[in-house]
Amino acid sequence: MSINPIRMRCEYLENPLGVDARQPCLSWAVKSAQRGQLQTAYQILVAADKKNLTPTKADLWNSGKVASSDSIQITYAGKPLDSGMRCFWKIRAWDRHGKASDWCSVAEWSMGLLKRSDWKGKWIADPELAAFPDKHASEPAAMLRKTFRLRKAVARATVYATAAGVYDLQINGQSVANH
């Protein structure tokens, strides 16, 4: 193959979680062992499920062949995306001789909570701190916990948390990444 798409990115991140752009921007790089090779066209496929990610089934977006050397910040132009939705995508590119690459490996992103009404949580607060906020201004922050049991096995779970970045989310005593 003379050209291969690599380093798939959505909103500058590799496989990001919680994207808040309703029409995220997609980017990639191309590599080639041939000197002077370049991309002359691309095709993007996006689906809500990996099994629907084929040239005939991309249920969210099939860009078709786009004659362009652009590979940075290509705006998603498919069906509207909903809060919490997972999106799987891949591309292929054409080289300067008009030869199409193989499809790249599948990348993904998930949408964040896009509307205020999507947030269905409860505030967690130290009752004493809430009653007298000035009294505790110089004291260390309280540790707030919620213990729960799962009734069945979980294949995938997402936690949406916010506190202006002033928290350390842990699950079973292990810190969770900040994204």
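Let me sum up the structure you'll find in this document. (Residues numbered from 1 in each chain as written. Predicted model: local features only at pLDDT ≥ 70, side-chain atom pairs only at ≥ 80, totals over all residues. Heavy atoms only, no water.)

In this section: the overall build of the chain. Scanning the chain from N- to C-terminus turns up 1 helix and 10 strands. When the helices and strands of the chain are listed from N to C terminus, the series reads β-β-β-β-β-β-β-β-α-β-β. Going through the 179 residues of the chain one by one, you find that 29% of them count as buried. By sequence separation, contacts in the chain at least 24 residues apart represent 63% of the contacts at least 6 residues apart. Looking at the chain as shown, the accessible area adds up to about 12,900 Å², and 51% of this sits on carbon and sulfur atoms. (Helix = DSSP H or I, 4+ residues; strand = E, 2+ residues; numbered from the N terminus. Buried < 20%, exposed > 50% of the residue type's maximum accessible area, 1.4 Å probe, protein only. Contact = heavy atoms within 4.5 Å. Areas by Shrake-Rupley, 256 points an atom, 1.4 Å probe, with all protein chains shown as cover.)

Looking now at the packing of aromatic side chains. Applying the stated criterion to the full structure yields 4 aromatic pairs. Summarising the aromatic geometry, the rings of W28 and Y42 are spaced 5.1 Å apart at their centres and angled 65 degrees between planes, so their arrangement reads as edge-to-face. On the criterion of sequence distance, the pair formed by W28 in strand 2 (residues 25–31) and Y42 in strand 3 (residues 41–47) is long-range, its members being 14 residues apart. Each member of the pair, W28 as well as Y42, carries the same accessibility label: buried. Between W89 and W109 the ring centres are 6.4 Å apart and the planes differ by 65 degrees, which places this aromatic pair in the edge-to-face class. Note that W89 is positioned in strand 7 (residues 86–94) and W109 in strand 8 (residues 107–110), a separation of 20 residues in sequence. Through a chain of ring-to-ring contacts, three or more aromatic side chains come together here, namely W61, Y76, W89 and W109. (Phe/Tyr/Trp six-rings, centres within 6.5 Å; stacked < 30°, edge-to-face > 60°.)

A few words on the nonpolar core. Counting residues in each nonpolar core, the largest one holds 23 residues, and the members touching the most others are W28, I44, V46, L81, W89 and W109. Elements with a contribution of two residues or more to this core: strand 1 (4–10), strand 2, strand 3, strand 7 and strand 8. A47, L53, A58 and F88 belong to the second largest nonpolar core, which has 5 residues in total. (Core = buried A, V, L, I, M, F, W, Y, C linked by side-chain atoms within 4.5 Å.)

We now examine the sheet that holds strand 6 (residues 74–75). One open sheet holds the 3 strands; their spatial order is 1-2-6, and the pairing between them is antiparallel. The open sheet terminates on both sides in strands that have one partner only, identified here as strand 1 and strand 6. Taken together, the 2 bridges between strand 2 and strand 6 define a ladder with antiparallel strand orientation. Residue L26 lies in a different strand from strand 6, and its bridge partner there is I74. (Pairing = 2+ DSSP bridges.)

Glancing now at a nonpolar patch on the surface. Nonpolar side chains collect at one region of the surface, where F148, L150 and V154 lie side by side and expose about 340 Å² of accessible area between them. Its place among the elements puts F148 in the loop between helix 1 (127–131) and strand 9 (170–171). Taking relative accessible area as the criterion, F148 reaches 59% and is therefore assigned exposed. (Patch = residues over 30% accessible without salt bridge, like charges linked within 9 Å, V, L, I, M, F, W, Y side chains within 5 Å. Salt bridge = Lys/Arg side-chain N within 4 Å of Asp/Glu carboxyl O.)

In terms of backbone geometry, most residues other than glycine have negative phi values and most peptide bonds are trans. With phi around 50 degrees, E11 is a residue other than glycine that occupies positive phi space. Mapping E11 onto the fold places it in the loop between strand 1 and strand 2. Overall, the relative accessible area of 27% leaves E11 in the partly exposed class. One non-glycine residue with positive phi stands out, namely Q73, at about 55 degrees. Locating Q73 in the fold gives a position in the loop between strand 5 (66–67) and strand 6. Q73 sits in the partly exposed class, given a relative accessible area of 26%.

For R9, the location among the structural elements is in strand 1. R9 gets classed as partly exposed once you look at its relative accessible area, which sits at 24%. Remark: the alpha-carbon pair of R9 and L26, spanning 17 residues in sequence, is separated by 5.7 Å.

No statement about biological role is implied by the geometric values presented.
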